[in-house]
Amino acid sequence: MRKKVIAGNWKMYKTQADAQEYLQEFLPQLDETPEEREVILCVPFTDLAVMSRNLHGSRVRLGAQNVHWESEGAFTGEVSAPMLVELGVSYVVIGHSERRQYFGETDETVNQRLKAAQAAGMVPILCVGETKQQRDSGQTEDVILKQLAIDLEGVEQSRLVIAYEPIWAIGTGDTCESKEANRVIGIIRNQLSNSDVPIQYGGSVKPDNIDEIMAQPEIDGVLVGGASLVPSGFGRIVNYS
Ligand code: 13P
């Protein structure tokens, strides 16, 4: 049985005060959440310490949004895996399309980050996905297979989550049809040596489309941006039926 993994990605939103206020409303909603669902909040680095304290004793796992591949060194502005682990971080998003698009992230650096995260005991959430132009020109499969081939080289698949995030569906309200997301996720799964890797869908997931998305047999969870910022909305997503 593959694990259901529901993760919020706050991106560059919420101060520590905002984060604490959020948890007061969000955490009580988890009383209704089936136990086998993994619930994760991937927050800005500056929120990690306060989240870690406030999540103590709750079922929510803490996630970061990036990690450097060296454990320390002269890398101004970067954060290492041991630094995250010390704060109680157990998941880390790697290779998000916003990192690839705006910060020059390549498949080679994604691969190094994945290995460093695993070496420190964290579970990486690897993001892959195509642009609108790549989809329109029929390259979706090729693009994703190439990303996977480089990103996953030497990566332990027993401690991994993958998120299929079509770039054109991120923050646009333009969700990928759930059947199409299911199809692409099936293709991703065929490439893996371990068929138990949870594979999420991400891109304009909302309270009103979560039930349909989670009804798809290949989709094991969601990576939620905008809708994870609202505690009641993310509560509804986590408690999908
Ligand atoms: P939205 O849910 O805002 O479309 O963002 C998706 C995403 O990028 C999650 O990592």
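Here the structure is a predicted model, which means the values were calculated and not measured. (Residues numbered from 1 in each chain as written. Predicted model: local features only at pLDDT ≥ 70, side-chain atom pairs only at ≥ 80, totals over all residues. Heavy atoms only, no water.)

Caption draft 1: Spotlight on the overall build of the chain. Tallying secondary structure elements over the chain gives 10 helices and eight strands in all. In terms of C-alpha radius of gyration, the chain reaches 17 Å, essentially the compact-globule figure of 18 Å for 241 residues. Taking the principal axes of the C-alpha coordinates as reference, the chain spans close to 45 × 45 × 35 Å. A burial count over the chain gives 54% of its 241 residues as buried. (Helix = DSSP H or I, 4+ residues; strand = E, 2+ residues; numbered from the N terminus. Rg over C-alpha atoms; globule rule 2.2 N^0.38 Å. Buried < 20%, exposed > 50% of the residue type's maximum accessible area, 1.4 Å probe, protein only.)

Caption draft 2: Layout of the sheet that holds strand β3 (residues 61-64). On the basis of which strands lie adjacent, the closed barrel formed by eight strands has the order β1-β2-β3-β4-β5-β6-β7-β8 and parallel pairing. On average, each strand axis in the sheet is inclined to that of its neighbour by 25 degrees, with strand direction left out of account. Where strand β1 (residues 4-9) lies against strand β2 (residues 37-42), six bridges are found, and the strand directions are parallel. Considered in β2, the bridge of Ile 6 is made with Val 39. Strand contacts of helix α2 (residues 48-55): β2, β3 and β4 (89-94), with the helix running at about 170 degrees to β3, the strand carrying the most contacts. (Pairing = 2+ DSSP bridges. Axes fitted to C-alpha atoms, helices over the stretch in contact; angles between N-to-C directions. Contact = heavy atoms within 4.5 Å.)

Caption draft 3: Summary view of the site of the ligand. Near the ligand there are 13 residues, and of these Lys 11, His 96, Gly 171, Ser 204 and Gly 226 occur at the shortest range. Separating an oxygen atom of the ligand from a side-chain N or O atom of Lys 11 is a distance of 2.9 Å. Expressed as a share of its isolated accessible area of 310 Å², the protein-covered part of the ligand is 97%. Split by residue class, the shell around the ligand holds four nonpolar, seven polar and two charged. (Near = heavy atom within 4 Å. Polar contact = N/O pair within 3.5 Å; in protein donor to acceptor, adjacent residues only side chain to side chain. Areas by Shrake-Rupley, 256 points an atom, 1.4 Å probe, with all protein chains shown as cover. Nonpolar A, V, L, I, M, F, W, Y, C, P; charged D, E, K, R; others polar.)

Caption draft 4: Focus on the packing of helix α1 (residues 16-26) against helix α10 (residues 231-238). Close contact between α1 and α10 brings their axes to 9 Å; oriented N to C, the two are set at 50 degrees. The orientation of α1 with respect to α10, classified from their angle, is oblique. Of the two elements, α1 crosses α10, and the hand of that crossing is right-handed. Two secondary-structure elements touch here, α1 through Tyr 22, Glu 25 and Phe 26 and α10 through Pro 231, Ser 232, Phe 234, Gly 235 and Val 238. Of the residues assigned to the contact of α1 with α10, the class counts are five nonpolar, two polar and one charged. (Parallel < 35°, antiparallel > 145°, perpendicular 65-115°, else oblique. Left-handed = near helix turned anticlockwise from the far one by under 90°.)

Caption draft 5: Representation of the pattern of salt bridges within the structure. One pass over the structure, following the stated rule, counts 16 salt bridges. One salt bridge in this structure joins Asp 220 and Arg 189, with 2.9 Å as the shortest N-O distance. Note that Asp 220 is positioned in the loop between α9 (210-214) and β8 (221-224) and Arg 189 in helix α8 (residues 178-191), a separation of 31 residues in sequence. Judged by relative accessible area, which is 0%, Asp 220 ranks as buried. Taken together, the shared-partner salt bridges connect Glu 130, Arg 135, Glu 141, Glu 180 and Arg 183 into one network. (Salt bridge = Lys/Arg side-chain N within 4 Å of Asp/Glu carboxyl O.)

Caption draft 6: Molecular detail of unusual backbone geometry. A positive phi is found at Lys 11, a non-glycine position, where the angle reads about 55 degrees. Residue placement: Lys 11 occurs in the loop between β1 and α1. With phi around 85 degrees, Lys 14 is a residue other than glycine that occupies positive phi space.

Caption draft 7: Structural context of the pairing of strand β6 (residues 161-164). Neither face of β6 is exposed, since Val 161 and Ala 163 on one face and Ile 162 and Tyr 164 on the opposite face are all buried. Here strand β5 (residues 123-128) runs beside β6; their pairing, made up of four bridges, is parallel. When the bridges of β6 are listed, Leu 126 appears paired with Ile 162. When β6 meets strand β7 (residues 199-202), the two strands line up parallel, connected through three bridges. Following the sheet pairing, Ala 163 is matched in β7 by Gln 200. This β-α-β element, β6 to α8 to β7, shows right-handed connectivity. (Right-handed = clockwise from strand over helix to strand, strands pointing away.)

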